[in-house]
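Coordinates in review
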Amino acid sequence: MLDVFLDYFKKLAKSRLFPVTLIYLVLFGIIVNRLFVLQIVEGPEISVKSEAKSAKQRDIKSTRGNIYDRKGVLLATNKLSYSVVMEDISVSNEEYNSILDRLVKLIEKNGDTLDTEFYIKLNAEGGFEFTVQGNSLTRFLKNAYAYVLEDGALTEEQRNATAGEVFEFLKKGTNSGVTRMFGISDDYSDEEALKIMSIRFALFCNYPKYLQVTIASEVSDRTVAAIKENRAELQGVDVQQQASRIYEDSLYFSHILGYTGLISADELEKYEDKGYNTTDVLGKSGLEKVYEEYLSGTKGVETVTISSSGRVTEVKQTTDPIAGSDLYLTIDANLQKNVYLLLEKEITDILLSCIVPTMSYGSKGTNASEITIPVYEVYNALINNNIIDVNAFDAPDATSLEQSTKVKYDTALKDIDRKYNEILALDSTTTNDKAGDMKDFLDYFYSVLLEKKILLKDSIPENDGAYHSYTNNDISLSSFLQSALANNWINLSVLGIGSEYYSAEELYQKLIDYTKNLLKEDNKFQKMIYRNLIFSYKLSGTEICLLLFDQDVLEYNESDIDRLKNGSISAYKFITDKIRQLDITPGMLALEPCSGSVILTDPNTGDVLAMVTYPSYDNNLFANKIDSKYFNRLLNDGSYPLLNRAVSTRIAPGSTFKMVTAVAALEEGVTSPSEKILDLGIFDKIDRPAKCHIYPGSHGSVNIVDALKVSCNYFFYEMGWRLSIDGTGKYNSNLGLSKLEKYATLFGLNETSGVELDELSPRFSTLDAVRSSIGQGSGDYTPAQLSRYVTTLANRGTCYNLTLLDKIKDKDGTVILDNSATVDHDLTNVSSSTWDAVWDGMYSVANAYGGSVYTDFSNFDVKIAGKTGTSQISTTHANNALFVSFAPYEAPQISATVVIANGYTSHNAADLCKDIYSLYFGKADAQTLLNGEAETGSKGGALE
């Protein structure tokens, strides 16, 4: 073809038209070359035939379906709001970035934030780091290096690129000398460049190119007005009205409902074949995620005319979208809300009963039943759990008290720095255990060396003498670190060691100085200093209480402030009053106890009537886009409010497991309902003898009903032993465990509960059968799984897969899915005499004199059946409190499972359960129950 062209050109050169033709050819060449360069440099697809147009179909978003409770109370719906959207544009990088910088500043000036998801951020030290890892990071890197990938695969260098290297490549990376990426000028700060880059990257990954990307959602009217006023300078930018998700009474339902958000790259890979694209919102967690297919609806379609450069020139609507279907849950919204409040009150009562105005920790370290909480731990918790923001002490508008508190901190920091210098001196022989009030600071210094991979733990031989001497407190940290340097166990690259020579002493000092500088910016280290100030009485309880007013944690109250200042009310009295009034909640303090869960079911249907987790969070601040400040606060909250405790925590069942053992013993024929066994206090038929919780007392001779009534460990130890006797008459723990597991499986304790949420799998005990028979082995279960178990007990043998969903209706009100809990299996082979014995035992727990919670329920109008459970953790943490039950005993309508982590004793769980039954059966209204006086005595107790 080239030969033909040259021959034609030679002939043309002899023609009179050659000069004119040559001019046209040159001009044509310039134009083609310019377009080609634009295509290479700027990225967007550009065609020479710019007048060519084509018709494409574009989605019209549907309205998401609502979510209601079982009675039609609205829980989740939509509101119209404005979003800033943008389509890709054909301009130079310089102009593109200028437009985006202007757009970002305009959005943020009016108090709004960007939605664009980007996986690189600036850390506290001003460096770059990835926000994802694993497959998500690999996918991000593939997108980032898309222009330079060979055969779609990352090179080793690309796969191992740092966040800073990826940032620089996207900023102005090149390939064969030709700029391929975003050409972001160094005139922009790193923070500004990241924001520009996040939008460029979203548009870069967006496909097809004519789709609009949401830059910011739920923006204010001020932002809308500003966008419209500056439209001429914001090419490709528009404002659209979109539906945003809102949740009613969000605090009470967030763990069940979940929230929605813009689709991520990982999610797009999963949902792309279902018609989703980069601009779609979908359910991120909870039922919003589980029922995405029903809630999302069907998109409409509009026909758009696309220019050859991929831009929209005309829009014509063709098909309307179909709104999503509505979910109706089995949950009773009013019951759910009031149970949450009652749970919070019970946890508050327990906490208040344990707070003392001294430095005493009670029985901590000896036994768990009488642990107390010094009020100084409460003061410290307000700082440690970020209720008081220590960063505000440096703010220009800091109050005089905030400033003086910061001065105390700075003084303490200098003192600790001085002590570090002394204890970490080259010739120091002070071991950590002999360092006095610096022990914790030395331990933390060492932990930072490990965490930051300055000290290379994997390089230290397991049998190294210096390492073992340090861990045994035989040598100082100084001596050990000098040994680590000598043995090349220190990562010198992080210390900025180049080719210059340093002596061993100089290297050691560089290591110490570098680590101390890290500590000064370390949040946990800062809080250690504040704790030290509080426990050394240098930062008083009164000052802590006044800081709550300064930082608007408490509403300004001149009378309270004056009383604190003049000493007419003690800090102890003030703070406990605020806890009692729930101005300061257990969730805010994150002390023990601070959490719990309650699950209520209808045992006749398997419907979940309430599934409560405390503490909770506001999913409105997650819906549509996440409020990053709020999200980070929750991530650093020691009470873990994001955790759905009903399905995402496992807990040892304690004595609530004894009904499984009772059924197993009766059905396997190792005992009878009438047999009595003498409680000897210590069960010594096994290598590690086990004690009854009443030891050195005794329950006397008890049958299986009485054993359940008083929760006699000895009786059930004997059952575990008997179930373990093999054909030769020898004890075989594994045999006993297999029999216990068989009957636990009958009650559904071998799998998840059936509720339509992600749930942890149960773990059956692998420890000895004797201890496992009382629920104190290694087995643990989610509260939802325990709820399924007690539901099966309440209906005498129908094991349901529990459900949260009642039905689904389309927008015309037609039921398209009428749901009910499925029956997993029936316990048809369990004899009626076994059921009678177990039911009688559970009835006696609450209604017979001497029953575990007889004093709680003896005068209660509704007869209930229940079982206590107090599971051990350690001698330094309060026991977990459990109570499983159903009512009325004669014809059960409801089952209740109550779990209070670190709730001291099952009596506390039973107290709460009584209030719940009072509410459910109309014996008292919620306000009366919530206004009840808080407990003033100890709510601790013995293990049951």
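Residues numbered from 1 in each chain as written. Predicted model: local features only at pLDDT ≥ 70, side-chain atom pairs only at ≥ 80, totals over all residues. Heavy atoms only, no water.

**A look at the overall build of the protein chain**
Summing up its helical and strand segments, the protein chain has 36 helices and 29 strands in all. The dimensions of the protein chain, computed from C-alpha atoms along their principal axes, are 125 × 80 × 70 Å. Expressed as a percentage of its 944 residues, the buried residues of the protein chain come to 52%. The contacts of the protein chain with a sequence gap of at least 6 include a subset with a gap of at least 24, amounting to 70%. Here the protein chain has roughly 42,400 Å² of accessible surface; of this, 49% comes from carbon and sulfur atoms. Of the charged side chains in the protein chain, 90 are positive and 127 negative; the average position of the first set lies 2 Å away from that of the second. (Helix = DSSP H or I, 4+ residues; strand = E, 2+ residues; numbered from the N terminus. Buried < 20%, exposed > 50% of the residue type's maximum accessible area, 1.4 Å probe, protein only. Contact = heavy atoms within 4.5 Å. Areas by Shrake-Rupley, 256 points an atom, 1.4 Å probe, with all protein chains shown as cover. Lys, Arg positive; Asp, Glu negative; His and termini not counted. Charge placed at Lys NZ, Arg CZ, Asp CG, Glu CD.)

**Regarding the sheet that holds strand S28 (residues 880-887)**
Within the open sheet, the 5 strands sit side by side as S18-S17-S29-S28-S27. Their pairing is antiparallel. What marks the edges here is a single partner per strand, and that holds for strand S18 (607-614) and strand S27 (865-871). If you compare each strand with its neighbour and ignore which way they point, the axes differ by 5 degrees on average. Pairing of S27 with S28, which is carried by 7 bridges, proceeds in the antiparallel orientation. (Pairing = 2+ DSSP bridges. Axes fitted to C-alpha atoms, helices over the stretch in contact; angles between N-to-C directions.)

**Overview of the pairing of strand S8 (residues 213-219)**
Most of S8 is tucked away, with 6 of its 7 residues classed as buried. Here strand S3 (residues 74-86) pairs with S8 via 4 bridges, running antiparallel. When the sheet's bridge partners are listed, Tyr82 is paired in S8 with Val219.

**Here we look at helix H27 (residues 658-667)**
Residues lying three or four places apart along an α-helix face the same way, a consequence of the helix completing one turn every 3.6 residues. Counting buried positions along H27 yields 9 of 10 residues, so the element is predominantly enclosed. When H27 is considered as a whole, its buried residues turn out to be Lys658, Met659, Val660, Thr661, Ala662, Val663, Ala664, Ala665 and Leu666. Two residues or fewer after H27 comes Gly669, characterised by a positive phi angle close to 75 degrees.

**A few points about the nonpolar core**
Membership of the largest hydrophobic core comes to 152 residues, with the highest contact counts inside it found for Leu329, Tyr420, Phe480 and Leu600. Top contributing element to this core by residue count: helix H13 (residues 333-354), with 11 residues. Among the nonpolar cores identified, the runner-up in size contains 58 residues, and Leu708, Val884, Phe886 and Tyr889 belong to it. (Core = buried A, V, L, I, M, F, W, Y, C linked by side-chain atoms within 4.5 Å.)

**Let's talk about the side chain of Arg788**
Within the secondary structure, Arg788 sits in helix H32 (residues 783-794). Note on Arg788: relative accessible area 0%, which makes it buried. A distance of 3.3 Å separates a polar atom in the side chain of Arg788 from the backbone oxygen of Thr752. (Polar contact = N/O pair within 3.5 Å; in protein donor to acceptor, adjacent residues only side chain to side chain.)

**So, the packing of aromatic side chains**
Tallying each qualifying case throughout the model produces 49 aromatic pairs. Here Trp839 and Phe886 contribute two aromatic rings whose centre-to-centre distance is 4.9 Å and whose plane-to-plane angle is 45 degrees, an arrangement assigned as tilted. Within this pair, whereas Trp839 is found in helix H33 (residues 832-847), its partner Phe886 is found in strand S28, the two being separated by 47 residues in sequence. Each member of the pair, Trp839 as well as Phe886, is classed as buried. Members of the aromatic cluster, each reached through a chain of ring pairs, are Phe118, Tyr119, Phe130, Phe140, Tyr147, Phe182, Phe201 and Phe204. Here the guanidinium or amino end of Lys807 rests over the ring plane of Tyr328, the centre of that ring lying 5.2 Å away. (Phe/Tyr/Trp six-rings, centres within 6.5 Å; stacked < 30°, edge-to-face > 60°. Lys NZ or Arg CZ within 6 Å of the ring centre and 35° of its normal.)

**Notes on the side chain of Asn801**
You can see Asn801 is positioned in strand S23 (residues 798-801). A polar contact of 2.7 Å, which involves the side chain of Asn801, links it to the side chain of Arg788. Excluding residues that lie within four positions of it along the chain, Asn801 makes contacts with Glu751, Ser753, Gly754, Arg788, Ala821, Thr822 and Asp824.

**Details of the packing of helix H4 (residues 134-144) against helix H7 (residues 190-205)**
H7 packs onto H4 with a crossing angle of 85 degrees between their chain directions and a minimal axis gap of 11 Å. Our classification of the angle between H4 and H7 gives roughly perpendicular. Between H4 and H7, the contacting residues are Phe140, Asn143 and Ala144 on the first element and Phe201, Phe204 and Cys205 on the second. The residue inventory of the contact of H4 with H7, partitioned by class, reads 5 nonpolar, 1 polar and no charged. (Parallel < 35°, antiparallel > 145°, perpendicular 65-115°, else oblique. Nonpolar A, V, L, I, M, F, W, Y, C, P; charged D, E, K, R; others polar.)

**As for the pattern of salt bridges**
Scanning the entire structure with this criterion turns up 49 salt bridges. Note that Asp577 and Arg580 form a salt bridge whose closest N and O atoms lie 3.2 Å from each other. In this pair, Asp577 and Arg580 both sit in helix H23 (residues 571-580), 3 residues apart, roughly one turn of the helix. Overall, the relative accessible area of 38% leaves Arg580 in the partly exposed class. Taken together, the shared-partner salt bridges in this structure form one network comprising Asp415, Arg418, Lys419, Glu422 and Asp437. (Salt bridge = Lys/Arg side-chain N within 4 Å of Asp/Glu carboxyl O.)

**Quick look at the confidence of the model for the protein chain**
For the protein chain, per-residue confidence averages 91 on the pLDDT scale, and 92% of positions sit at 70 or higher. In the model, residues 1-6 has pLDDT below 50 throughout and makes 0 contacts with residues more than four positions away in sequence or in other chains. Segment residues 23-28 is flagged for pLDDT under 50; beyond a separation of four residues in sequence, or across chains, it makes 1 contact in the model. (pLDDT = per-residue confidence, 0-100.)

**Details of the packing of H4 against helix H6 (residues 163-172)**
It is the contact of H4 with H6, at a shortest axis distance of 11 Å, that shows an interaxial angle of 30 degrees. It follows that H4 is roughly parallel to H6 by the angle criterion. H6 is crossed by H4, and the crossing has left-handed handedness. Contacts between H4 and H6 pair Phe140, Leu141 and Ala144 from the former with Val166, Phe169 and Leu170 from the latter. (Left-handed = near helix turned anticlockwise from the far one by under 90°.)

**Describing the environment of Ser833**
Residue position: Ser833 is located in helix H33. Ser833 gets classed as partly exposed once you look at its relative accessible area, which sits at 40%. The spatial distance from the C-alpha of Ser833 to the C-alpha of Pro673 is 7.9 Å, given a sequence separation of 160 residues.

**Let's talk about the pairing of S27**
A regular strand carries its side chains on alternate faces of the sheet. Within S27, 7 of the 7 residues are buried, which leaves it mostly tucked inside the rest of the structure. Side chains of S27 alternate between two faces, with Ala865, Lys867, Gly869 and Ser871 and Gly866, Thr868 and Thr870 buried alike.

**Comments concerning unusual backbone geometry**
Along the chain, Glu592 connects to Pro593 via a cis peptide bond; the corresponding omega equals 5 degrees. With an omega of -5 degrees, the peptide bond running from Tyr614 to Pro615 counts as cis. Looking at the secondary structure, you find Pro615 in the loop between S18 and helix H25 (628-635). A positive phi angle, close to 60 degrees, is found at Asn473, a residue other than glycine. In this fold, Asn473 is placed in the loop between helix H17 (465-471) and helix H18 (477-486). Its identity is not glycine, yet Leu582 carries a phi of approximately 65 degrees, on the positive side. Its location among the elements puts Leu582 in the loop between H23 and helix H24 (586-589).

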